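# Structure at a glance
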Amino acid sequence: MDLAVVDILHKAGSQDPNVLKPAEQTLKEWETHRGFYTALFNVFSNHSLDINVRWIAILYFKNGVDRYWRKNAPNEITADEKEFLRQHLIADFGEPVNQLAIQLAVLIAKIARYDCPREWGSLVPTLLERVRGENPLTQHRALLTLHHVVKNLASKRLAADRRLFQELTTNVFNFILNLWNTYTESFLVLASTSAEPNQIQEALEKALLLLRILRKLIVNGFNKPSESQDAMLFLKVVFDRARNSLECRKTLISRGIQLDVCDKFIIHLTKVLLGVLEMHPFCFVELVPTSLEFSVFYCFTEAGQELAFERFIIQSLNLMKGILLCSDYRPAKIIEETKNPLTLRAYQLRQEFFTAETLTEICSRLVTHYFVLTPADLEQWDADPENFVVDDGGEAWKYSLRPCTESLFLAVFHQFRDVLAPVLVSLMQSHHQPVDPNNLHAILLKDAVYNAVGLAAFDLYDEVNFDQWFSTTLKQELKVSSNNYRIIRRRVCWLIGQWSGVKLSSELRPELYKLLVESLSPEEDLGVRLAASDALKLAIDDFQFSTDEFSPFLEPAFSLLFALLKEVNECDTKMHVLYVLSFMIERVGCGIRPHVGALSAYLPALWQQSEEHNMLRCAIVSTLVHLEKALGSESVILEPMVVGVVAMSCDVTQDGHVYLLEDGLELWLALLENAPSSTPPIMDLFRNMPALLETSTENLRLCLYIVQAYVLLSPQEFLGERGAIVVATLGSILGDLRSEGIVMAMRLVETCLRALPHQGAQLIKPLLTKIFESVYKGEEYPMVMSMYLSIVARVLLGSRDIFVQVIGELSRKVGGGESSEEAVLGRMVLIWVNRMPCVSQPERRKLLALGLCSLLGADSPPCVIQHFPLMVSNIIEALNDITKIDDMGCPIDSLMISDQPSPSQYEDVDYETEHEQRRRRLAFGDPVHSVSLQDTLQAQLISLRRLIGESQFDQMMLTLNADTDQQLKEYISLSSRAGLIVDVE
């Protein structure tokens, strides 16, 4: 089989699809064949074969381990083949190709995760034996494998697995530590002499692998590292090794030797400290002073910075920040009440270290050194302003030096505000006045100070009179037109944005809007304009924002932002500006209507240009949602584009739907809510909905809202053409829904019944047997039962023949005899009257009461009449809930609506939509709002009295309890001549 496997693997590496596809299919078929993985092993362990073939063999072996190695996996690799592979995989560690050796180590580690130590107890002893050997290559490959094995075993989280890893740590830690010390010493000695780079590299690579192993062992292999003498010795040695390695790095660089592995080694030393601080903070307490001294030396002193490099500085700053922000080092508000002595100890050590002098130096150096824009920053700004602005806050920027220093600054400033606020205010006053536009150094320092003042805005609330600063200095600095001064203009825009929501008088807001709009001018530097757009967004995102106050600036602001959107080229920048525009549309609402024509015309082209940029498309869809809502019924001008965007965003067969679906559904709903009438394109969109209902459970609520909007938009057309699909889809998903989902689905069913009572009942008949059966069993949660009873009542009121048919079908389903139609109906009425007190909404209580009244008519069977007392009691309770006294002192049904508009049921909607009007019209025809419960009860009791005669009726009335009888008389009065007459009192 080996030759055949080699041939197929060779073809699997072909660039020709006609050769590649059949080979992949063959390998797919073979992966469950006995002996296939043995054959793959024979291929990749044969060093004479083509490297690409061996590479593919290892990859297929790895995939097979993921799928078929686990016990009881489908098509599991046989036990004897596993045993053969385990023995032979660790028989030789002489792989000459480094990349293949890495993949082989990963492969062995994957198997170790399943089998070590229970089925593969020889793995770790074998690796340690090879590590002790003399062959450099074998030793390196064994260390590489041990690293990956330890890494995999350390990631297991079950308690039993963690205990096994702790046992492993106890057994090997001392050996690994001693070996690491040996190779680290070797590296330090070689680096300080004139040794060849490859000798230094070899020692350092092994030291790095051992360090990675030690890191996993100390972080994950000790319950408390502080209880291990070796572990604490290692942690203390880490600082010395870092110092020595930095010195050696400087020596190597002076000799023209640049070793990436040296930087990795130093970085990994800091990762050890960060890992222990995070996982074992109390074991780290006594290392707090050393760690802080270490970080301060290399980050905030001239001597230390000469040895440090950027990634190391980032790690050191993160170590300091980790100590400052560690929740386990935070004492109680009253220090003496701190319960854990280690928490108190850590706090005391931290306070002792951060003296006023140290804090002042850290703050000053952060601001005047780390916050200052570099020549490289300015060069990027000139060459590529868009990427400069995007990077200044983008994903890659998060992991660079400046955000790290800003994050530390905030942590230090917040913890030691009383000490640092005067320091920062002093810096601010020193750089308060405008500077010479030709003095770039002074400009950069001012920019850095302004950055610090903006970051600490909340903590400087009582220290800075921002109104005065804005009115005297900042507004003037925005008018300095020098090219160098663009740095300050950009920073002032940003600063205004930071402070606008913290401390700015409302009377100054018009001036703020004016200045920011001026900063959006096309003549201004692009970086400044983008900063101004951000600041404008923050300014209008304030609780003091007034649409009327902003209205004079709306047109120029919108026009200039739109011009900026068209001018920029990068997708990230377009997305950035579009987000500001979208937010502005959301804030000003319908006031934006006169200004959106150009944007509406531009968005289709932008949508086409952004085909490969899903995040930009997300921003476009979000903007369209706000445009739809702002334009209301005028949004018909957007319909062609919106329909196309919704069709693509909500199509589960499109790759982009993963990014666009949620906003796409919001847009779909907004489209329907604002549509004055149905159109073929809008109705055709519904083809996407069945798949969404079946697959998108997290968006079920939005999907059901959309279907409801369709029902209200065109009941006859929609339910006639697509109702059956809706009912079938609901039927298929109801069994998988929780109670909240069932309630949402039933609200849709109820909307169908409200829109078309008889046709709707006929349409949903496939669901009614299940609903009626649930009521019959009486086992549902109160909210679900409330919805089920509401639907039963609506079917009874709107389509009695369907009600009778479903009762008949249910009686046949549950069996004959006792479960005759009358028995089924009687049981349902009993559940109805027993569960009705649990229904809280007045509208539903009245609906259920109207349904009970309907059952009290002339054709009421004995199975219903037997529940007469409870039926009347529930009806009276509902009357009590809905009856109010009007201004004239007369009782009225509070749910009855006249020609006066009723309040919207969507409290969060602040604009009138076509959908709201349709809902209101539907409410006018709803029995809950159009039929008097008091009159209905009177009419039904009259009918019942005539049917059964006064004598029997009087006997029934005697079955009412005194309280119910008394309350009934408050609504109606008895007369032997006239029957029942409404009591006007």
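Everything in this summary refers to the structure shown in the same document. Predicted model, so just to flag it, every value in this text is computed and none were measured. (Residues numbered from 1 in each chain as written. Predicted model: local features only at pLDDT ≥ 70, side-chain atom pairs only at ≥ 80, totals over all residues. Heavy atoms only, no water.)

### A word on the overall build of the protein
Looking only at helices and strands, one finds 50 helices and 4 strands in the protein. Relative to a compact globule of 985 residues, whose C-alpha radius of gyration would be 30 Å, the protein shows 38 Å and is clearly more extended. Summarising its shape, the C-alpha atoms of the protein cover approximately 125 × 85 × 70 Å along the three principal directions. Taking the intrachain contacts of the protein between residues at least 6 apart in sequence as the baseline, contacts between residues at least 24 apart amount to 73%. Counting every atom, the protein has about 43600 Å² of accessible surface; 51% of that belongs to carbon and sulfur. Counting 91 positive and 125 negative side-chain charges, the protein places the averaged centre of each group 5 Å from the other. (Helix = DSSP H or I, 4+ residues; strand = E, 2+ residues; numbered from the N terminus. Rg over C-alpha atoms; globule rule 2.2 N^0.38 Å. Contact = heavy atoms within 4.5 Å. Areas by Shrake-Rupley, 256 points an atom, 1.4 Å probe, with all protein chains shown as cover. Lys, Arg positive; Asp, Glu negative; His and termini not counted. Charge placed at Lys NZ, Arg CZ, Asp CG, Glu CD.)

### Focus on the nonpolar core
Within the largest apolar cluster, 360 residues are counted, with the highest numbers of intra-cluster contacts made by Phe 409, Phe 550 and Trp 668. With residues near it in sequence (within four places) discarded, Phe 550 still touches Tyr 513, Leu 536, Ile 540, Phe 545, Ala 557, Met 584 and Val 588. (Core = buried A, V, L, I, M, F, W, Y, C linked by side-chain atoms within 4.5 Å. Buried < 20%, exposed > 50% of the residue type's maximum accessible area, 1.4 Å probe, protein only.)

### Regarding a nonpolar patch on the surface
Together, Met 615, Val 658 and Tyr 659 line one region of the surface with nonpolar side chains, adding up to about 330 Å² of accessible area. Relative to the helices and strands, Met 615 resides in helix 30 (residues 614-631). (Patch = residues over 30% accessible without salt bridge, like charges linked within 9 Å, V, L, I, M, F, W, Y side chains within 5 Å. Salt bridge = Lys/Arg side-chain N within 4 Å of Asp/Glu carboxyl O.)

### Some remarks on the side chain of His 867
Inspection of the secondary structure puts His 867 in the loop between helix 44 (862-865) and helix 45 (868-882). Leave out the neighbours within four places in its chain, and His 867 touches Gly 826, Val 829 and Leu 830.

### Structural notes on helix 4 (residues 51-68)
Between its first and last C-alpha, helix 4 extends 25 Å over 18 residues, near the 26 Å set by a 1.5 Å rise per residue. Along helix 4, the residues that are buried comprise Val 53, Arg 54, Ile 56, Ala 57, Ile 58, Tyr 60, Phe 61, Lys 62, Gly 64, Val 65 and Tyr 68. Taken together, the buried residues of helix 4 touch helix 1 (2-12), helix 2 (17-30), helix 3 (36-44), helix 5 (79-89) and helix 6 (98-115). (Expected span 1.5 Å × (residues − 1).)

### Focus: helix 26 (residues 526-540)
An ideal rise of 1.5 Å per residue puts 21 Å on 15 residues; helix 26 measures up with 21 Å between its terminal C-alpha atoms. Helix 26 sits mainly inside the fold: 13 of its 15 residues count as buried.

### Focus: the pattern of salt bridges
Applying the stated criterion across every chain, the model contains 45 salt bridges. For the salt bridge of Lys 71 with Glu 119, the shortest nitrogen-to-oxygen distance reads 3.1 Å. Taken together, the positions of Lys 71 in the loop between helix 4 and helix 5 and Glu 119 in the loop between helix 6 and helix 7 (123-132) put the pair 48 residues apart, joining distant regions of the chain. Judged by relative accessible area, Glu 119 falls into the partly exposed class, the value being 33%. Of the charged contacts, one joins Lys 765 and Glu 809 as a salt bridge, the two residues approaching to 3.5 Å between their closest N and O atoms. Pair noted here: Lys 765 is in helix 39 (residues 765-777) and Glu 809 is in helix 41 (residues 800-814), with a separation of 44 residues, a long-range link. Salt bridges sharing partners connect three or more residues here, namely Glu 750, Arg 754, Arg 794, Arg 844 and Asp 926.

### Some thoughts on the packing of helix 45 against helix 50 (residues 962-971)
Helix-helix packing: each pair is described by the crossing angle between the helix axes and the interaxial distance. For the pair helix 45 and helix 50, the least separation of the axes is 10 Å and the interaxial angle reads 55°. Considered as vectors, helix 45 and helix 50 are oriented oblique to each other. Crossing of helix 45 against helix 50: the hand is left-handed. Here helix 45 contributes Val 872, Ser 873, Ile 876, Glu 877, Leu 879 and Asn 880 to the contact with helix 50, which in turn contributes Thr 964, Gln 967, Leu 968 and Tyr 971. Taken together, the residues of the contact of helix 45 with helix 50 break down into 5 nonpolar, 4 polar and 1 charged. (Axes fitted to C-alpha atoms, helices over the stretch in contact; angles between N-to-C directions. Parallel < 35°, antiparallel > 145°, perpendicular 65-115°, else oblique. Left-handed = near helix turned anticlockwise from the far one by under 90°. Nonpolar A, V, L, I, M, F, W, Y, C, P; charged D, E, K, R; others polar.)

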